[in-house]
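Structural overview for review
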Protein chains: 2
Amino acid sequence: MTSQQDQRMTGTSGVVLSIDAMGGDQGPAAVVAGIAASAEKNPEVRFILHGDSAVLDKLVAKSKPLAGRCEIRHADGVVSMDDKPSQVMRHGKGTSMWSALESVRDGEATVAVSCGNTGALMALSMVRLRKLPGVSRPAIAILWPSRSPQGFNVMLDVGADIRADAKDLLQYALMGVSYARNGLALERPRVGLLNVGTEEHKGRSELHDAHQLIGQTAEDAEFDFVGFVEGGDIPGNAADVIVTDGFTGNVALKTGEGTASLIRDLLREAFAYSPLSRIASLLAFTSLKRLSKRIDPRRVNGGVFLGLNGTVVKSHGAADATGISAAVKLAFRLAESGFTDRLKARVASAAELAEDAVQSAGEDGTHT
Amino acid sequence: MTSQQDQRMTGTSGVVLSIDAMGGDQGPAAVVAGIAASAEKNPEVRFILHGDSAVLDKLVAKSKPLAGRCEIRHADGVVSMDDKPSQVMRHGKGTSMWSALESVRDGEATVAVSCGNTGALMALSMVRLRKLPGVSRPAIAILWPSRSPQGFNVMLDVGADIRADAKDLLQYALMGVSYARNGLALERPRVGLLNVGTEEHKGRSELHDAHQLIGQTAEDAEFDFVGFVEGGDIPGNAADVIVTDGFTGNVALKTGEGTASLIRDLLREAFAYSPLSRIASLLAFTSLKRLSKRIDPRRVNGGVFLGLNGTVVKSHGAADATGISAAVKLAFRLAESGFTDRLKARVASAAELAEDAVQSAGEDGTHT
């Protein structure tokens, strides 16, 4: 295929991201439009694009910003949203998702981006990239618009695993701290543990154990533990990192998104209601656009898989070009900051701290 | 105390509600202001008010709408937000909360309203009112602004119990259907089971069992089962009744409230930003006020305890007069419609259906 030659990247400087072009709800055209938008804004970024080369060759050839900055790797298979993770682990070789992870595994790219099936992507990432030493369950972390000074909180896990015990929650806290430090530039992040009340006697027993473990680790791992927080604190200013299991985190994330989307639509209706309100919407256009940008979930699109040998950014399945571009921006920032290596170093030393905390909790046995 | 004589209710017609005046974050003045607002709008409603009579006498005496429509019952004790439910169950006699429930238990009032400690109120309600025959765990149901034609969805449990097994979730479905039928006038409500994905293989095992049980009961109990729904469907139009455990439901509720509140504040900021946007906010005043009313959590203030011999409305702890008034309105509507007796009848017949479904599920044993 000569077209593949034409699409070879020229030059070697900058950051290389590995992109799964297939599997999103909006198809490869949205993905290519998204990375083209990123390429236009950022001269440092280059791509390895994985998927059906017959389709991708044409899309990339039409894009000026991608000329000489995008290499296409053909992959026959596509992981669909309905595929079970276990099937994909057995039969996923040859899919664009598999291929995208291989580029990170082989060191050709620093970060992989996919908007495909989350469960399958996590399962394949675990198999191909492997967990970091000391991590028992990787987690997906997202940024959530909030009242905190930095404008966002980190929440994890939002769906890597539907269960988490006290030790897992402690590890999520440590990984979330590392992400907040590198992604949000917070020296000493505040960590909160999600529960149904802030009183210490409330909630499930594994949360009481996790409360104790995280509290004991905070000082050595250089973060502030604010104790239990509630759902209202996820968009609040009580903590920078919200720790929870993947079931609760996933429901909270989608509830928040759904609520924001409902309000956005009702606001649009309100402004279309009368001639006067239509004039008002014109006058307030800039202010409303700024607000809309602040709460647009596409702008903070991209869950990050934490706890693997390599970083994977999971874009929303329904992401359009704007969403993909936001995910690419996040991937670039993490690649550039050397996040994978920093997290690895932190988890290695944190694993020792955690082990100490677990042991002393076992000896102590009380919930204080 | 002669003042108590002065505050006796005159006449006997209308609906009597039993109000716990203490224990809310805003104190008894907000409660009295809230019931006064309701009394002003609704000539049918009368109150038995429980709490510190020295304080309440003065507050009620100053309120014209409450003249002759509010009886004060002195109670020395107040259940605080920090009290553990187990303590309140043992030592709660003599508190305003206990006294408010006694009026329902004794048949003097149809519905009780409190904005005190939720856990304590549920614990006391279970002890004093007792569970309905056939109900193993009562639940708290709320109305959630949504895209459904009726403008609201019912969600339960939002915090009565942090755990629920498959049979509990089935019972929540049946109680939620009854509430939607009486509270929202829906003939054949659509029921969804909250999960982290709509595919049948996703989520925890108790959810797969509940999926089967609820599906088998739907036809006989005259509701439509739409299967698994996600967090985004809580404010959506996929189901009218969202069933989940009290931990997940409580986190979702508070996340939704927190998100709405953040957006409201950002909107206010956006309109205060420039002279042009300030003019715009004046022009759009009516439209924005309508929107604000639609998503104001105070307007749908009031979780309903389902599954007890008597109805209890739990108002938000932070409720102000507007919030209290909304809770009173809901309590009145339920009292007037004879909801307690209707739910009792439905649960009794549903208990048989449920027993059949559980038995046939046990014989079947597969997840289809």
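Basis of the calculations
Throughout, a residue's number is its position along its own chain's written sequence, starting from 1. All chains are assigned letters beginning with A, and all ligands numbers beginning with 1, in the order in which they are written. Reporting in this predicted model follows two pLDDT cut-offs: at least 70 for local features of residues, and 80 or more for side-chain atom pairs to be given and counted; totals over whole chains, interfaces and linings ignore these cut-offs and use all residues. To obtain the side-chain values, all non-hydrogen atoms of the structure were used and water was disregarded. Strands pair, by our definition, only if DSSP identifies at least two bridges between them. Secondary structure elements follow DSSP: runs of H or I of four or more residues count as helices, runs of E of two or more count as strands, with numbering from the N terminus. To obtain an axis, a line is fitted to C-alpha atoms, over the contacting stretch when the element is a helix, and the angle between two such axes runs from 0 to 180 degrees between their N-to-C directions. A contact between two residues is defined here by any heavy atoms of the two lying within 4.5 Å. Angles below 35 degrees are treated as roughly parallel, those above 145 as roughly antiparallel, those between 65 and 115 as roughly perpendicular, and all remaining angles as oblique. Crossing chirality is assigned from the near helix's rotation relative to the far helix, an anticlockwise turn below a right angle marking it left-handed and a clockwise turn marking it right-handed. Note on ring pairs: Phe, Tyr and Trp rings are taken, using the six-membered ring of Trp, and paired if centres are within 6.5 Å. Classes follow the plane angle, with under 30 degrees stacked, over 60 edge-to-face and the rest tilted. Look at NZ for Lys and CZ for Arg. If either is within 6 Å of the ring centre and within 35 degrees of the ring normal, a charge sits over the ring. Note: buried area is the sum, over both parts, of the accessible area (probe 1.4 Å) each one loses when the two are combined. Salt bridge, as used here, is a side-chain nitrogen of Lys or Arg placed within 4 Å of a carboxyl oxygen of Asp or Glu. Any pair of nitrogen or oxygen atoms within 3.5 Å is treated as a polar contact; in protein, a donor-acceptor pairing is required on top of that, and neighbouring residues in sequence qualify only through side-chain atoms on both sides. For this scheme, ten residues count as nonpolar: Ala, Val, Leu, Ile, Met, Phe, Trp, Tyr, Cys and Pro. Four count as charged, namely Asp, Glu, Lys and Arg, and the remainder, Gly too, count as polar. Partly exposed residues are those whose accessible area sits between 20% and 50% of the maximum for their type, while under 20% is buried and over 50% is exposed, using a 1.4 Å probe and protein chains only. Here the expected length of a helix is defined as 1.5 Å per residue gap, with one fewer gap than residues. What sets the superposition is a least-squares fit of C-alpha atoms, and only residues with pLDDT of at least 70 in both copies go into it. A residue's pLDDT is simply how confident the predictor is in it, with values from 0 to 100.

1. Quick word on the sheet that holds strand β4 (residues 111-114) of chain B
Residue and element names in this part refer to chain B. Taken in spatial order, the 11 strands of this open sheet run β3-β2-β1-β4-β11-β10-β5-β6-β9-β7-β8, and their pairing is mixed. With partners counted over all chains shown, the strands left at the sheet margins are β3 (70-74) and β8 (224-229), one partner each. The mean inter-strand angle of the sheet, taken between neighbouring strand axes irrespective of direction, is 25 degrees. Across 5 bridges, the pairing between strand β5 (residues 139-145) and strand β6 (residues 152-156) is antiparallel. Each bridged residue has a counterpart across the sheet, and for L143 the counterpart in β6 is V154. Contacting β4, β5, β10 (303-306) and β11 (311-314), helix α6 (residues 118-129) crosses the sheet at an angle of about 175 degrees to β11.

2. Here we look at the packing of helix α7 (residues 166-183) of chain A against helix α8 (residues 205-217) of chain A
All names here are of chain A. At a minimum axis separation of 8 Å, α7 and α8 run at an interaxial angle of 40 degrees. With respect to their mutual orientation, α7 and α8 come out oblique. In this structure, the crossing between α7 and α8 has a hand that is right-handed. Contacts between α7 and α8 involve A166, K167, L169, L170, A173 and L174 on the former and, on the latter, E206, L207, D209, A210, L213, I214 and T217.

3. Digging into the packing of aromatic side chains
The full count for this structure, using the stated rule, is 2 aromatic pairs over all chains. For R204 of chain A, the ring lying beneath its charged end belongs to F247 of chain B, and the centroid distance is 4.1 Å.

4. Some thoughts on the sheet that holds strand β9 (residues 241-243) of chain A
All names here are of chain A. Strand order in the open sheet formed by 11 strands is β3-β2-β1-β4-β11-β10-β5-β6-β9-β7-β8, with mixed pairing between adjacent strands. Each edge of the sheet is formed by a strand with only one pairing partner; in this case those strands are β3 (70-74) and β8 (224-229). Adjacent strand axes in the sheet meet at a mean angle of 25 degrees when their direction is disregarded. Of the pairings in the sheet, the one linking strand β1 (residues 15-20) to strand β2 (residues 45-51) comprises 6 bridges and is parallel in character. In the sheet register, S18 faces β2, and the bridge partner there is I48.

5. Points about the interface of chain B and chain A
On the chain A side, the residues contacting the 59 residues of chain B number 59 residues. Summing the contributions of chain B and of chain A, the shared interface buries around 5000 Å²; its carbon and sulfur component is 68%. For D245 of chain A, the salt bridge identified is with R204 of chain B, shortest N-O distance 3.6 Å. Our enumeration of links across chain B and chain A arrives at 10 residue pairs in polar contact (both at pLDDT 80 or more). Elements supplying a minimum of two residues to the side of chain B that touches chain A: β5, α8 (205-217), α9 (246-272), α10 (275-283) and α11 (285-295) of chain B. No other element matches α9 of chain B, which puts 20 residues into the side of chain B that touches chain A. The residue makeup of the side of chain B that touches chain A, split by class, is 29 nonpolar, 17 polar and 13 charged.

6. Looking at the pairing of strand β6 (residues 152-156) of chain A
Residue and element names in this part refer to chain A. Among the 5 residues in β6, 4 count as buried, and that is most of the element. Connecting strand β5 (residues 139-145) to the next strand, β6, in antiparallel fashion are 6 residues, including G151 with a positive phi near 85 degrees. In terms of strand pairing, β6 meets β9 through 3 bridges, oriented parallel. Residue pairing in the sheet places L156 in a bridge with V243 of β9.

7. Regarding helix α2 (residues 27-41) of chain B
Residue and element names in this part refer to chain B. Between its terminal C-alpha atoms α2 stretches 22 Å, which fits the 21 Å expected from 15 residues at 1.5 Å a residue. Buried residues of α2: G27, P28, A30, V31, V32, G34, I35, A36, S38 and A39, and no others. Turning to α2, the residues buried within the fold contact β1 (15-20), β2 (45-51), α3 (53-61), β3 and α12 (321-336).

8. What about the pattern of salt bridges?
Residue and element names in this part refer to chain A. The final tally for this structure, using the stated rule, is 24 salt bridges over all chains. One salt bridge in this structure joins R188 and D224, with 3.0 Å as the shortest N-O distance. Here R188, found in the loop between α7 and β7 (190-194), pairs with D224, found in strand β8; they are 36 residues apart in sequence, far enough to count as distant. The partner of D240 in a salt bridge is R190, and the shortest N-O contact between them spans 2.7 Å. Taken together, the residues span a long stretch of sequence, with D240 in the loop between β8 and β9 and R190 in strand β7 at a distance of 50 residues. Take D240: its relative accessible area is 4%, and that puts it in the buried class. In this structure, a network of salt bridges that share partners links the residues E71, R73 and E108.

9. Overview of the relation of the copies chain B and chain A
When chain B is fitted to chain A, the residual RMSD is 0.1 Å, and the transformation amounts to a turn of 180 degrees plus an axial shift of 0.0 Å. Those values place the two copies in the arrangement expected of a two-fold rotation axis. Closest approach to the rotation axis among the C-alpha atoms of chain B is made by A280 of chain B, whose C-alpha sits 2.1 Å away. Comparing interface residues between copies, 100% of those in chain B also sit at the interface in chain A, which points to an isologous, same-surface contact.

10. Points about the confidence of the model for chain A
Residue and element names in this part refer to chain A. Per-chain confidence: chain A averages 86 in pLDDT, with 88% of residues scoring 70 or above. Scored below 50 in pLDDT, residues 1-6 shows 6 contacts in the model against residues more than four places distant or in partner chains. Segment residues 363-368 is flagged for pLDDT under 50; beyond a separation of four residues in sequence, or across chains, it makes 8 contacts in the model.

11. Some remarks on unusual backbone geometry
Residue and element names in this part refer to chain A. The omega angle of the peptide bond from L156 to D157 is -5 degrees, so this bond is cis rather than trans. Note on placement: D157 falls in the loop between β6 and α7. A positive phi angle is found at R130, which is not glycine, with a value near 70 degrees.

12. Examining the packing of α2 of chain B against α12 of chain B
Residue and element names in this part refer to chain B. Following both chains from N to C, one finds α2 and α12 inclined at 55 degrees, their axes separated by 7 Å at the closest point. Considering their axes alone, α2 and α12 lie oblique with respect to each other. For the crossing formed where α2 meets α12, the hand is right-handed. Of α12, the residues touching α2 (which contributes A30, V31, A33, G34, I35, A37, S38 and K41) are A321, I324, S325 and V328. The class makeup of the residues in the contact of α2 with α12 is 8 nonpolar, 3 polar and 1 charged.

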